[in-house]
Amino acid sequence: VQLQASGGGSVQAGDSLRLSCAASGRTNGYTGVGWFRQAPGKEREFVAGVRLSGTNPMYADSVKGRFTLSRDNAKNTLFLQMSALTPDDTAVYYCAASNGIITSSMTIPERYDYWGQGTLVTVSS
């Protein structure tokens, strides 16, 4: 599975952005997808994720109510709609896919098998 993230950019606080993650290759094997982010000098952290079995998406507390994860199954594309952005959202955002994710481990980067290259989001005040 190859993942290609896009949609990052430089915005002002309060603005919105939509990130995309296009999957290619053997896309019928993974069971969960998610978004993580890594700010300079910080560890990679979970942002949002969902199991492909149809469960509701899970969100980090810091983005709940502002970010929305969605999928276009026909195009094997994952989206992250981000609104009310703040400077604390500045980071490189990564999409990831897992062959065997379960809900209790969705927030753990090591549980994901495939990673996109990352797209930079910069929010200025």
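The shown structure was predicted, so the numbers you read here are calculated from the model rather than taken from an experiment.

Looking at the nonpolar core
Trp35, Val47, Phe67, Leu69, Leu80, Met82 and Tyr93 are the most contacted members of the largest nonpolar core, which has 36 residues in total. The element that contributes the greatest number of residues to this core is strand E9 (residues 91-98), accounting for five residues. Dropping the residues within four chain positions of it, Leu69 is found in contact with Trp35, Ala48, Gly49, Val50, Pro57, Tyr59, Leu78, Phe79 and Leu80.

What to know about the packing of aromatic side chains
The tally for this structure, following the rule as stated, stands at five aromatic pairs. Between Phe36 and Phe46 the ring centres are 5.6 Å apart and the planes differ by 75°, which places this aromatic pair in the edge-to-face class. Linking Phe36 in strand E4 (residues 32-38) with Phe46 in strand E5 (residues 45-51), this pair joins segments that are ten residues apart in sequence. Overall, the relative accessible area of 0% leaves Phe36 in the buried class. Ring centres 6.4 Å apart and planes at 80° place the aromatic pair Tyr94 and Trp115 in the edge-to-face group. Placement of the pair is Tyr94 in strand E9 and Trp115 in strand E10 (residues 114-115), with a sequence separation of 21 residues. Relative accessible area serves as the criterion here: at 28%, Trp115 is assigned to the partly exposed category. Three or more aromatic residues joined by ring pairs make a cluster, and in this case those are Phe36, Phe46, Tyr94, Tyr112 and Trp115.

Each value, and the rule that gives it
- Residues numbered from 1 in each chain as written.
- Predicted model: local features only at pLDDT ≥ 70, side-chain atom pairs only at ≥ 80, totals over all residues.
- Heavy atoms only, no water.
- Core = buried A, V, L, I, M, F, W, Y, C linked by side-chain atoms within 4.5 Å.
- Buried < 20%, exposed > 50% of the residue type's maximum accessible area, 1.4 Å probe, protein only.
- Helix = DSSP H or I, 4+ residues; strand = E, 2+ residues; numbered from the N terminus.
- Contact = heavy atoms within 4.5 Å.
- Phe/Tyr/Trp six-rings, centres within 6.5 Å; stacked < 30°, edge-to-face > 60°.

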